Amino acid sequence: MSPRARRSAPLSRRGLPSLLLASLLVTVAGIQLAVPSGSTAATVEPVRTDGESVVQIVSHPDDDLFFMNPDLSQSLRSGHSLASVYLTAGEADGINAPRGRKYKGIPLPAADKARYAEARQNGIRAAYAEMATGDRTGDWQRSAIRTDGGGWAELDTLKARPEVNLVWLQLHEAGSSTANRPHSLHGLWDGRVERLASELSSGTPVTENYTYSKDQVEQTITGVLKRFEPTFVRMLDPTNGRIPNPHLYPDHQDHMYGARFAQRALARYGEVAGHPHFTVQNYLGYLNGRLPHVLDPAALRDKLRILKTYAWSEYPSNYCDAEAGCGDRKVAARPAGHGWAPGIRYSRNTGTSWLQSGSGGELWAFSVLDTRVAVWHRPPGDQGGWSGPKLLPGAGMDSGVVSEKLPDGRIALFATRTSFDGPAGYRRDVVTAAQRRPGGAFGPWRSLGMPRPPGAARSLDISEPAVAADHMGRATVYLRDGGHALSSRAQRPDGSWAPWRAIGGRTVYGDPVVATDRAGRQYVFAHTLTSSLAWTQDAPGAPLRGPVATGLPASTLPMTVRADGDGVRLFFRKPGSGTVLAARFTGGATSYPATVTDLGGRAGFGPVGATGTGGPGAGSKGMRGTGAKATGTLLAARDGSGHLGTAVLSGDAAGRPRWQRGDFLFAGAPAATTDPSGSSCVAAVGLDGRLYWSSRGAGDREAAAWQPVGPAPDAAGAGADTR
């Protein structure tokens, strides 16, 4: 049901406790309205805007502020619909007070889980109001709504911006990152408890306690998705694996198992007829604290300011007039968390090789929509006639798809897939499908399994695959496994696949990347905590040598590598800056880059798309496989505003290139490709689920204006309010 179809009565957060005591509760069409006695306040209806609609699904209040911002604030500034869904009440131990040496000796307040949950909600409402309107005291309408799982949820709508909504499912949280707590999302998922109970906050308009089975939690989240009709969903990583201590997770158990419930609900929602196409982005959680800082100083200041609002840093000033308090005092002692605030990282959908040019100049683009691989196609010579998206058979695909053009002109696709049923239960595997003929339809998906057998420790924590094909068309897949090392699986001459084998590396994080130089030698790179490792071939078809330390400085995840004449060029980001850096490798495993080139950029984070027929030091023959004269490399990267910036890196120009800024927010990573004539194309999938593309002719100095493929999703067509 659309947001417009569900009406809620207004209730200001200011003065909430006294209002609730004097309120009448009326149930109408499954919606419980908290209406103060004698109130004449007008009802504010949630709004579903045209175009993009973002839904965020997290386990606790503050998961979004720590791990999804600044993406969150950029979405709010866009003016489009955004709804954040909180699965648990976040009640913890019920003590709303900071801890640490600075606060030693200060008496702690009595534990009160309901009031602490309410204080955290108040902090979230203040943080969202500040991001959306600049005023943390903005009024919210609070109402109780029936869920598809048979319980209740609180729905909050920001009165000044009714396209901004918060949904509180208020389930019991685990209360510990790692301890054995059966009465939790983890315990419910594993079947150690049959039902999970609610944990209502002290100020909620929900007045009935409830319990959910595993299936009812999935139904409830699916119902929220049907209500807000997202085109883009944010959630944490459901398969973070374990750190070297086999008994400890690198993330909170609520984060991972809450994400699995969301993942299962998205699979259900993908089967609902009539919904707009949606993409999914997964984010790293606690692991950010162990990796190099990502955000530039200005972005970090903005993020910390919002976290301090959430943490009620002005305590004891009760600016919100709430008896429970105005925020989460536990965070006040450490508003940056345990090194989390300086980071934001995507755990999937980071590859930049999902755009390909055919031998005749046609273009192919691939992404994951509705948990299925989507295909867009532009015929040769047609500058605007894209078709698609066409969804390939086979659901359950994780975000992100890798494409590789084979020597005979066919395109092969590689991805990871999550399955929920069957003897092994929840599991993941690497899958591949290839065109039956150049430019033709794709064959069925074939499973390549994964390095560790299903059910084995750390078997689920795998990266997005990196793929390279040799001159015979035999592909090799490279994968970071759950042991934070690399594994590979190679295709035999008859088309069958050899078993997975370990190729080494230690403390490897993120997704590996691979490219092949003009001579046919493969180069594989992977991140560590402090630098990166390389595996290389001395000659085409020779065994990989490595891993060897590259000597490169630390960088943020992930990297991009592209063929560059007789070597390859690696693109990555400078920690704490977002500046785009590049380094060139040639020869075998002992060849290191002479210099690291600073390519500038407008801050930002994430992968760098790159394509072209040359760059500094590439020489006149250009990049592998293009057959065109060197005319420069086209770069694409997310900037500090969240938009996609492009720049042309000339082989003859000195200094930083000039970056152009796009005008849309996008999902995952950009991709770029060059056709045989030397013309380049760059593309990204917007938060509205559409493909956006731009091109640059062989002699052009800049890329052309961005163009979307197809009309924007129409909220009016779904029966929702628009504006």
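In every chain, residue numbers begin from 1 and rise along the written sequence. Whole-chain, interface and lining totals are the exception, using all residues; otherwise, since this is a predicted model, local features are given only for residues with pLDDT of at least 70 and side-chain atom pairs are given and counted only at 80 or more. With hydrogens and water stripped out, all remaining heavy atoms of the structure feed into the side-chain values.

**Focus: the overall build of the chain**
Only DSSP runs of H or I reaching four residues or more are called helices, and only runs of E reaching two or more are called strands; each is numbered from the N terminus. Within the chain, the regular secondary structure consists of nine helices and 38 strands. Any two residues whose heavy atoms approach within 4.5 Å are treated as being in contact. At a minimum sequence separation of 6, the contacts of the chain that also span at least 24 residues come to 61%. Calculation of accessible area relied on Shrake-Rupley with a 1.4 Å probe; when residues are assessed, cover is drawn exclusively from the protein chains displayed. For the chain, the accessible surface area stands at approximately 25400 Å², while carbon and sulfur atoms represent 51% of it.

**Side note on the sheet that holds strand β34 (residues 643-649)**
Two strands pair if DSSP finds at least two bridges between them. Ordered by their spatial adjacency, seven strands build an open sheet running β32-β33-β34-β35-β36-β37-β38, and the pairing between neighbours is antiparallel. At either end of the open sheet lies a strand with only one pairing partner, and these are β32 (608-612) and β38 (707-708). As defined by bridge partners, β32 adjoins strand β33 (residues 633-638) across five bridges and the pair is classed as antiparallel. Note that in β33 the partner of Thr-611 across the bridge is Leu-634.

**Focus on the pairing of strand β13 (residues 363-369)**
Put simply, side chains in a regular strand alternate between the two faces of the sheet. Three labels apply to residues, based on accessible area from a 1.4 Å probe with only protein chains included: buried if under 20% of the type maximum, exposed if over 50%, partly exposed otherwise in between. For β13, the tally of buried residues reaches seven of seven residues, placing the bulk of the element in the interior. Residues Leu-363, Ala-365, Ser-367 and Leu-369 point to one face of β13 and Trp-364, Phe-366 and Val-368 to the other, with burial holding for every one of them. Connecting strand β12 (residues 355-357) to the next strand, β13, in antiparallel fashion are five residues, including Gly-361 with a positive phi near 95°. In this structure, β13 lies alongside strand β14 (residues 372-378), joined through seven bridges in antiparallel fashion. Along β14, the bridge assignment pairs Val-368 with Val-373. Between β13 and β14, which pair antiparallel in sequence order, lie two residues; one of them, Asp-370, sits at a positive phi of approximately 60°.

**Quick word on the sheet that holds strand β15 (residues 387-391)**
Spatially, four strands are ordered β12-β13-β14-β15 in an open sheet, and the strand pairing comes out antiparallel. Each edge of the sheet is formed by a strand with only one pairing partner; in this case those strands are β12 and β15. When strand polarity is set aside, the average angle formed by the axes of neighbouring strands in this sheet is 20°. Axis definition: a line fitted to C-alpha atoms, limited for helices to the stretch in contact. Angles are taken between N-to-C directions and run from 0 to 180 degrees.

**A word on the side chain of Thr-147**
Tracing the backbone shows Thr-147 in the loop between β5 (140-146) and β6 (152-158). Excluding residues within four positions of it along the chain, Thr-147 makes contact with Trp-152, Ala-153, Tyr-212 and Thr-220.

**Some points on the state of the cysteines**
Note on disulfides: each one is a pair of cysteine sulfur atoms within 2.5 Å. As enumerated under the stated definition, the model contains one disulfide in all. Across a sulfur-sulfur distance of 2.1 Å, Cys-320 and Cys-326 are joined as a disulfide pair. In this structure the cystine formed by Cys-320 and Cys-326 twists about its S-S bond by roughly -95°; its chirality is therefore left-handed. Residue Cys-320 is classed as buried on the basis of its relative accessible area of 2%.

**Some details on the confidence of the model for the chain**
Along the chain, pLDDT gives the predictor's confidence residue by residue, from 0 to 100. When pLDDT is averaged across the chain, the result is 88; 87% of the residues are at 70 or more. Long-range and interchain partners of residues 1-40, a stretch whose pLDDT sits below 50, account for 114 contacts in this model, where long-range means more than four residues apart. Residue range residues 615-630 is modelled with pLDDT below 50. Its contacts to residues more than four positions away, or to other chains, number 50 contacts.

**Topic: the nonpolar core**
Counting 43 residues, the largest nonpolar core has Ile-57, Val-85, Val-167, Ile-221 and Leu-225 as its most contacted members. It is helix α7 (residues 253-269) that contributes the most residues to this core, nine residues altogether. Not counting the four nearest positions on each side in its chain, Leu-225 is found in contact with Val-55, Ile-57, Pro-230, Val-233, Ala-265, Leu-266 and Tyr-269. Membership of the second largest hydrophobic core comes to 41 residues, among which are Met-68, Ala-127, Ala-311 and Leu-687. Put simply, a nonpolar core is a bunch of buried Ala, Val, Leu, Ile, Met, Phe, Trp, Tyr and Cys residues held in one set by side-chain atoms that sit within 4.5 Å of each other.

**Let's talk about the packing of aromatic side chains**
Only centres within 6.5 Å qualify two rings of Phe, Tyr or Trp (six-membered ring in Trp) as a pair; their planes then separate them into stacked at under 30 degrees, edge-to-face at over 60, and tilted for everything else. All chains considered together, the criterion is met by 22 aromatic pairs. In our convention, an over-ring charge means Lys NZ or Arg CZ found within 6 Å of a ring centre and within 35 degrees of that ring's normal. Between the NZ or CZ atom of Lys-214 and the centre of the ring of Trp-189, over which it lies, the distance is 4.1 Å. Between Arg-638 and the ring centre of Phe-605, over which it is positioned, the NZ or CZ distance is 5.4 Å.

**Focus: the packing of helix α6 (residues 214-228) against α7**
Where α6 meets α7, the axes come as close as 8 Å, and the angle between the chain directions of the two elements is 60°. Taken together, the axes of α6 and α7 lie oblique to each other. Handedness of the α6/α7 crossing: right-handed. Residues Lys-214, Asp-215, Val-217, Glu-218, Gln-219, Ile-221, Thr-222, Leu-225 and Lys-226 of α6 touch α7, and the partners they reach there are Phe-261, Ala-262, Arg-264, Ala-265, Leu-266, Arg-268 and Tyr-269. Any angle that falls under 35 degrees is termed roughly parallel, while one over 145 is termed roughly antiparallel, one within 65 to 115 roughly perpendicular, and all others oblique. Two helices that cross are described as forming a left-handed crossing if the nearer one is turned anticlockwise from the farther one by less than a right angle, and a right-handed crossing if clockwise.

**Considerations on the pattern of salt bridges**
We count a salt bridge whenever a side-chain nitrogen from Lys or Arg sits within 4 Å of a carboxyl oxygen from Asp or Glu. Under the counting rule described, the total for this entry stands at 35 salt bridges. The partner of Asp-408 in a salt bridge is Arg-410, with the nearest N and O atoms 2.8 Å apart. Its relative accessible area of 43% is what places Asp-408 among the partly exposed residues. For Arg-410, a relative accessible area of 22% gives the class partly exposed.

**Focus on the pairing of strand β4 (residues 81-88)**
Here β4 lies mainly inside the structure; eight of its eight residues are buried. Pairing analysis gives six bridges linking strand β3 (residues 53-58) to β4, with the strands arranged parallel. Residue pairing for β4: Val-54 is matched across the bridge by Leu-82. For β4 and strand β7 (residues 164-171), the ladder comprises six bridges, and the chain directions are parallel. If you follow Thr-88 over to β7, its bridge partner there is Leu-171.

**Structural notes on the packing of helix α4 (residues 113-133) against helix α8 (residues 297-310)**
Between α4 and α8, whose axes approach to 7 Å, the crossing angle comes to 145°. Like other packed secondary-structure pairs, α4 and α8 cross with a definite hand, here right-handed. Residues Arg-120, Gly-123, Ile-124, Ala-126, Ala-127, Glu-130 and Met-131 of α4 touch α8, and the partners they reach there are Arg-305, Ile-306, Thr-309 and Tyr-310.

**With respect to the side chain of Arg-690**
Structurally, Arg-690 is set in the loop between β36 (680-686) and β37 (691-696). Counted as a polar contact is a pair of N or O atoms within 3.5 Å, where, for protein atoms, one must be capable of donating a hydrogen and the other of accepting one, and residues adjacent in sequence contribute only when both atoms are in side chains. There is a polar contact of 2.9 Å between the side chain of Arg-690 and the side chain of Asp-688. Once you skip the residues sitting within four places of it in the chain, Arg-690 turns out to touch Ala-684, Val-685, Pro-708, Val-709, Gly-710, Pro-711 and Ala-712.

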